[in-house]
Amino acid sequence: MRIVLGVGGGIAAYKVASLLRLFTEAGHDVTVIPTEAATRFVGVATWEALSGHPVSNSVFDEVHTVNHVRLGHEAELIVVAPATADLLARAATGQANDLLTNTLLMAGGPVLMAPAMHTEMWRHPATQANVETLRSRGITVLEPATGRLTGADSGPGRLPEPEAIFAAALALAGAPAVPNTVPTTASAAGPLAGLTVTVSAGGTREPLDPVRFLGNRSSGKQGVALAVAAREAGARVRLLAAHMDVPAPAGVEVVQVETALELRKAALHAAADSDVVIMAAAVADFRPADVSGTKIKKRDDVADPVISLVRNPDILRELVEVRDAASRNQLIVGFAAETGDADGDVLEYAQAKLRRKACDLLVVNQVGQNQVFGQDSNAVVILSRSGSEPQEASGSKSDVAAAVIDRISAELSRVVPPA
Ligand code: CTP
C-alpha cells in the first residue's frame with residue numbers, strides 16, 4: 001500500500017521512526033513528509049534512510065512531478081504522527097502552507113492523525129474544536145495516550161505507541177487485521193473473559209455509481225458503545241465497521257466494510273470463531289440493481305434514470321441458520337429499529353421480527369426523524385427468545401450497551417452454567 005507519513009514538530013517525532021519501520025517491514029511503500037519544525041527533532045537524512053525515498057517539506061521541490069498534488073492523490077493512506085496542536089489547527093482550517101498540509105487537502109484515501117502535545121494544549125477548547133471539525137470530515141483522530149509527558153508532567157497528551165498507531169492505520173485502510181499487534185485492555189476477570197464477541201456497527205452504503213450511494217442515518221455510536229462494553233467485560237472484540245460518524249475504539253480489532261454484501265462476508269467469516277455476535281449495524285435491505293462504472297450524468301436527450309433495487313441477504317437470519325446447522329453454542333443478538341404504524345405498534349412488530357429472525361435476543365428501539373440515530377442517548381426493550389420477560393434499558397448509549405452486555409452474560413451463564 002502507498003502510504004504518506006506526515007510528521008509534526010514535536011519531541012514524539014523520534015517515536016515515529018519506529019512507526020515508519022513497522023510500515024516498511026510490513027511491505028508498504030512510505031513517503032515521509034515532515035514539517036519544517038519536525039526536521040528540528042529528527043533530520044531529513046533519517047527519514048530518507050528509513051523510507052528509501054527522497055524527503056522534502058517544500059512545495060517547490062520536484063515541481064515537475066507536481067508533488068504537492070500527486071502525493072495526496074496517490075496515497076492509499078495518510079498517517080500524521082505526532083499531530084501537534086498547530087498541525088491539527090492548520091488541517092482543520094484547510095491551510096496549504098507547506099507540503100504536508102497541501103497533501104492533506106489532496107487526500108483521496110483515509111487519513112489518520114495521532115495527536116501528541118501537553119495536556120493543557122490537548123484540552124484547550126480551540127484544539128478540541130479542531131479535532132471535532134476534522135472528525136466530522138471523516139478523518140480519524142486517535143485519542144492521545146495518558147502518561148509521562150516531555151517534562152515532569154503527566155496526563156493525556158502522549159503519542160500512542162507506534163504499534164497501536166500501526167494497527168489502527170491498517171484497520172482504517174482495510175488492510176488485513178493484525179490481531180497480535182492490536183492493543184487490548186481486556187480484563188481477565190470480566191464476565192466475558194476468554195470469549196470472542198463480534199459487533200457490527202454503523203450503516204452500510206450501497207453504490208449507485210463511483211460517487212453516489214444509498215445510505216442510512218446510523219451513526220455507529222450504539223455499536224461502538226457495545227464494542228467498548230464487551231471489551232470492558234473482558235472479551236476479545238472484533239468490530240465490523242460499516243460507515244460510522246465516530247472513530248473505532250482502541251483495543252478492538254476493526255474490520256472495515258462498505259456494503260451489505262461486504263458486511264455479510266465479514267460477518268460469516270467472523271462468526272466462525274465468535275461466541276457472541278451482535279448485529280447492531282443498520283444494513284440496507286436493498287441495493288441498486290445496476291451499479292454504473294462511471295458517474296451517471298443528467299442529459300437532455302434521454303429520460304431521467306429510474307433506480308431499480310434488489311434485495312440484500314438477511315445477514316442476521318443467515319448467521320442463525322449457519323449456527324444452527326453447525327449446532328454451535330453461540331449467542332446471536334439482533335437490533336430492531338421500528339417506527340410502528342396503523343397496523344401494529346413497535347413491540348408487536350418486534351415480537352414478530354424476533355420470531356422471524358430466530359436470534360436469541362432482540363434489542364428494540366423506536367426510531368423517528370430525531371430519535372435514536374446520531375443521538376447520544378437511547379431507550380430500548382430487550383426481548384428474548386427463551387421467553388423471559390422483556391427488559392427495558394435507557395440512558396446514554398454506553399448505559400444501554402452495558403445493560404445489553406449484562407443481559408448477554410446472564411443468557412450465557414443460563415445456557416452454560418459455570419463449572
Ligand atoms: N439485518 C441484517 N441483514 C439485513 C437487514 C437487517 O442482518 N439485510 C439485521 C440488522 O443488523 C438488525 C436486524 O437485522 O440486527 C433488524 O434490522 P431491521 O432493519 O430492523 O429489520 P429488517 O429485517 O430489515 O426488517 P424491516 O425493515 O422489514 O422492519
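Residues numbered from 1 in each chain as written. Predicted model: local features only at pLDDT ≥ 70, side-chain atom pairs only at ≥ 80, totals over all residues. Heavy atoms only, no water.

## Regarding the domain arrangement of the chain
Short version of the rule: Either an automatic procedure or a domain database provided the assignment from which the domain bounds are taken.
Per the domain assignment, the segments of the chain are domain 1 (2–173) and domain 2 (196–415). Inter-centroid distance (C-alpha atoms) of domain 1 to domain 2 is 33 Å.

## A short note on the nonpolar core
The tendency in soluble globular proteins is for nonpolar side chains to be buried side by side. Formally: Put simply, buried Ala, Val, Leu, Ile, Met, Phe, Trp, Tyr and Cys residues joined by side-chain atoms within 4.5 Å make one nonpolar core. Relative accessibility under 20% of the residue-type maximum defines a buried residue, over 50% an exposed one, and the middle range a partly exposed one, all with a 1.4 Å probe and only protein chains included. Note on conventions: DSSP H or I runs of at least 4 residues are helices, E runs of at least 2 residues are strands, and numbering of each starts at the N terminus.
By size, the foremost hydrophobic cluster in this structure holds 37 residues, and its most contacted members are Leu226, Leu239, Ile278, Ile405 and Ile408. Going through the elements one at a time, β8 (196–201), α10 (221–232), β11 (236–241), β13 (276–279), β16 (331–338), β17 (361–366), β18 (377–384) and α14 (397–415) are the ones with two or more residues in this core. Counting residues per element, this core draws most heavily on α14, at 7 residues.

## Topic: the sheet that holds strand β3 (residues 77–83)
Stated formally: Strand pairing is assigned whenever DSSP detects at least two bridges linking the two strands.
Ordered by their spatial adjacency, 5 strands build an open sheet running β2-β1-β3-β4-β5, and the pairing between neighbours is parallel. The open sheet has two free edges, formed respectively by β2 (29–34) and β5 (140–141), since each of these has just one partner strand. Here 4 bridges tie β3 to strand β4 (residues 111–115), and the two strands are oriented parallel to one another. What sits directly across from Val80, in β4, is Met113.

## Section: a nonpolar patch on the surface
What counts is decided by this rule: Patches draw on residues past 30% relative accessible area with no salt bridge. Two like charges within 9 Å are joined, as are two nonpolar side chains (Val, Leu, Ile, Met, Phe, Trp, Tyr) within 5 Å. Here the open area of atoms and residues is found with the Shrake-Rupley method and a 1.4 Å probe, where only the protein chains shown may cover a residue. The term salt bridge refers to a side-chain nitrogen of Lys or Arg lying within 4 Å of a carboxyl oxygen of Asp or Glu.
On the surface, Ile11, Tyr14 and Phe41 cluster together into a nonpolar patch covering about 330 Å² of accessible area. Relative to the assigned elements, Tyr14 resides in helix α1 (residues 13–25). Residue Tyr14 is classed as exposed on the basis of its relative accessible area, which comes to 53%.

## Examining the packing of helix α5 (residues 85–92) against helix α8 (residues 125–136)
Quick reminder of the rule: Axis angles are defined between N-to-C directions and span 0 to 180 degrees, where every axis is a line fitted to C-alpha atoms and, for a helix, only to the segment in contact. Throughout this description, any angle smaller than 35 degrees is read as roughly parallel, any larger than 145 degrees as roughly antiparallel, any in the 65 to 115 degree range as roughly perpendicular, and the remainder as oblique. For a crossing to be left-handed, the near helix must be turned anticlockwise from the far one by less than a right angle; the clockwise case is right-handed. It only takes one pair of heavy atoms within 4.5 Å for two residues to be counted as in contact. Residues were grouped as follows: Ala, Val, Leu, Ile, Met, Phe, Trp, Tyr, Cys and Pro as nonpolar; Asp, Glu, Lys and Arg as charged; and all remaining residues, including Gly, as polar.
It is at 9 Å that the axes of α5 and α8 come closest, and there the two elements cross at 50°. Between α5 and α8, the interaxial angle falls into the category oblique. Every pair of crossing elements has a handedness; the one defined by α5 and α8 is left-handed. Residues Ala85, Leu88, Ala89, Ala91 and Ala92 of α5 touch α8, and the partners they reach there are Thr127, Asn130, Val131, Thr133 and Leu134. For the contact of α5 with α8, the residue count by class is 7 nonpolar, 3 polar and no charged.

## Some words on the site of the ligand
The criterion, for reference: We define proximity as follows: a residue is near a molecule or strand when any one of its heavy atoms falls within 4 Å of that partner. Whenever a nitrogen or oxygen atom comes within 3.5 Å of another N or O atom, the pair is scored as a polar contact, on the condition that within protein one atom can donate a hydrogen and the other can accept it, and that pairs from neighbouring residues in sequence are kept only if both atoms are in side chains.
Around the ligand, the structure places 15 residues, and the nearest of them are Met279, Leu316, Phe335, Lys353 and Lys357. Within the side chain of Asp285, a nitrogen or oxygen atom sits 2.8 Å from an oxygen atom of the ligand. A distance of 2.7 Å separates an oxygen atom of the ligand from a polar atom in the backbone of Leu316. In the complex, the protein chains occlude 79% of the 570 Å² of accessible area that the ligand would expose alone. Of all the secondary-structure elements, those providing two or more residues to the shell around the ligand are α12 (315–325), β16 and α13 (346–357). Examining the composition of the shell around the ligand, we find that 4 residues originate from one element, β16, more than from any other. Of the residues contributing to the shell around the ligand, the split by class is 9 nonpolar, 1 polar and 5 charged.

## As for the sheet that holds strand β19 (residues 391–396)
Strand order in this open sheet of 8 strands is β12-β11-β8-β13-β16-β17-β18-β19, and the pairing throughout is mixed. The open sheet has two edge strands, β12 (253–256) and β19, and neither has a second partner. Direction aside, neighbouring strands of the sheet carry axes that sit 20° apart on average. Pairing analysis gives 6 bridges linking β16 to β17, with the strands arranged parallel.

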